[in-house]
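So you can see what is in the structure, the chains are spelled out below.
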Amino acid sequence: MRLLLVAPPGAGKGTQAAKLADHYGIANLSSGEMLRREVAAGTRIGRLVADDLRQGDLVPDDLVIEMLAMPVLQAVRDGGYVLDGFPRTLRQAEEAYRVAQQVEGIELQAVVSLNVSREELQRRLLDRAHQENRSDDTPDTIAHRLEVFDTDTGPLLGFYAQRGLVVDINGEQSVEQVFGDIVSAVDSQRGGQR
Ligand code: AP5
Ligand code: MG
């Protein structure tokens, strides 16, 4: 099983990725979580990306590709992956697609798009700011991250829709309802592919 979640900040990518990884017994690869760990550990990558993360800007494509390449290949050998947050730009998607054509059994099987209204996204992220201590959960940075999604990441959905991979999910339901909808949509999508 090889899945990608494409959705704006606060839509529930991390929440659903954890549940999907558990359900299908696959690796949970979150580019944002991995980058935050690099920052916390003060690695070379961490030092290079800390400012971008805090400001809600995307980090350079090459860095993310460097960071994800090995874990994705390993996950494929171990039975699959759910990607949360990568690819996130058309360039990343094109690069991933180029690599996928050279490696057997690595290409995406479904791209899950979680639809949530702007007001609800803002509400969830401001709520989370009180619980977690993410450097990018401030009102201004949240607004900026939403803009970055619209300009840089939204177009990915067109790229994947052309390839017949996108499943649209109402993300504005309970966590369990969203999860149930994703699993039925993904399972029937894969049934159709066989
Ligand atoms: P990333 O970590 O991917 O952050 P994001 O896209 O801004 O998304 P969030 O993690 O804020 O939200 P989420 O969709 O995971 O929602 P969650 O489940 O937490 O990226 C961070 C940064 O890293 C980027 O800005 C960029 O700098 C960099 N980066 C990452 N990938 C990159 C890439 N490929 N290229 C370049 N740069 C990259 O849910 C949100 C809240 O809502 C939680 O509190 C949760 O409990 C709650 N919630 C979840 N579901 C529900 C529900 N159904 N009902 C009610 N509440 C819910
Ligand atoms: Mg997340």
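A few words on the pattern of salt bridges. A complete count under the given rule lists 16 salt bridges for this structure. When the shortest N-O distance is used, the salt bridge between aspartate 61 and arginine 91 registers 3.6 Å. Taken together, the residues span a long stretch of sequence, with aspartate 61 in helix H4 (residues 61-77) and arginine 91 in helix H5 (residues 90-100) at a distance of 30 residues. Given a relative accessible area of 15%, aspartate 61 falls into the buried group. Between arginine 128 and aspartate 137 there is a salt bridge, with its nearest N and O atoms 2.9 Å apart. Accessibility assignment for this pair places arginine 128 and aspartate 137 in one class, buried. Linked through salt bridges whose partners overlap, the residues forming this network are Arg128, Arg134, Asp136, Asp137 and Arg145.

Right, let's talk about the packing of helix H3 (residues 44-55) against H4 for a bit. The angle between the axes and the distance between the axes are what describe a pair of packed helices. Following both chains from N to C, one finds H3 and H4 inclined at 140°, their axes separated by 11 Å at the closest point. One way to sum up the angle between H3 and H4 is to call them oblique. Between H3 and H4 the crossing geometry is left-handed. Residues Arg44, Ile45, Leu48 and Val49 of H3 form the contact with H4, whose own contacting residues are Leu63, Glu66 and Met67. For the contact of H3 with H4, the class distribution of residues is five nonpolar, no polar and two charged.

Time to look at the environment of phenylalanine 179. By the secondary structure assignment, phenylalanine 179 is in helix H9 (residues 175-193). Judged by relative accessible area, phenylalanine 179 falls into the buried class, the value being 14%.

Turning to the pairing of strand S4 (residues 110-115), a few remarks are in order. Of all the six residues making up S4, five are buried; the element is thus mostly covered by neighbouring parts of the structure. Note that strand S1 (residues 2-6) and S4 share four bridges and pair parallel. Residue leucine 3 lies in a different strand from S4, and its bridge partner there is alanine 110. Across five bridges, S4 lies against strand S5 (residues 166-170) in parallel orientation. Along S5, the bridge assignment pairs leucine 114 with isoleucine 169.

Here we come to the site of ligand 1. Lining the immediate environment of ligand 1, one finds 31 residues, of which Thr15, Ser31, Asp57, Arg128 and Arg145 sit closest. Taking glycine 12, its main chain carries an N or O atom lying 3.1 Å from an oxygen atom of ligand 1. At 2.8 Å from an oxygen atom of ligand 1 is found a side-chain nitrogen or oxygen belonging to arginine 134. For ligand 1, whose free accessible area comes to 1,000 Å², the fraction covered by protein is 88%. Listing elements by their share of the shell around ligand 1, those giving two or more residues are helix H1 (13-24), helix H2 (31-41) and helix H6 (118-131). A per-element tally of the shell around ligand 1 places H2 first, with four residues.

Taken together, the buried positions of H5 are Gln92, Ala93 and Ala100. One face of H5 carries all of its buried residues, which in axial projection span an arc of 100°. Of the surrounding secondary structure, the elements contacted by the buried residues of H5 are H4 and helix H8 (155-161).

The rules behind the values
- Residues numbered from 1 in each chain as written.
- Chains lettered and ligands numbered in written order.
- Predicted model: local features only at pLDDT ≥ 70, side-chain atom pairs only at ≥ 80, totals over all residues.
- Heavy atoms only, no water.
- Salt bridge = Lys/Arg side-chain N within 4 Å of Asp/Glu carboxyl O.
- Helix = DSSP H or I, 4+ residues; strand = E, 2+ residues; numbered from the N terminus.
- Buried < 20%, exposed > 50% of the residue type's maximum accessible area, 1.4 Å probe, protein only.
- Axes fitted to C-alpha atoms, helices over the stretch in contact; angles between N-to-C directions.
- Parallel < 35°, antiparallel > 145°, perpendicular 65-115°, else oblique.
- Left-handed = near helix turned anticlockwise from the far one by under 90°.
- Contact = heavy atoms within 4.5 Å.
- Nonpolar A, V, L, I, M, F, W, Y, C, P; charged D, E, K, R; others polar.
- Pairing = 2+ DSSP bridges.
- Near = heavy atom within 4 Å.
- Polar contact = N/O pair within 3.5 Å; in protein donor to acceptor, adjacent residues only side chain to side chain.
- Areas by Shrake-Rupley, 256 points an atom, 1.4 Å probe, with all protein chains shown as cover.
- Arc of directions from axis to C-beta.

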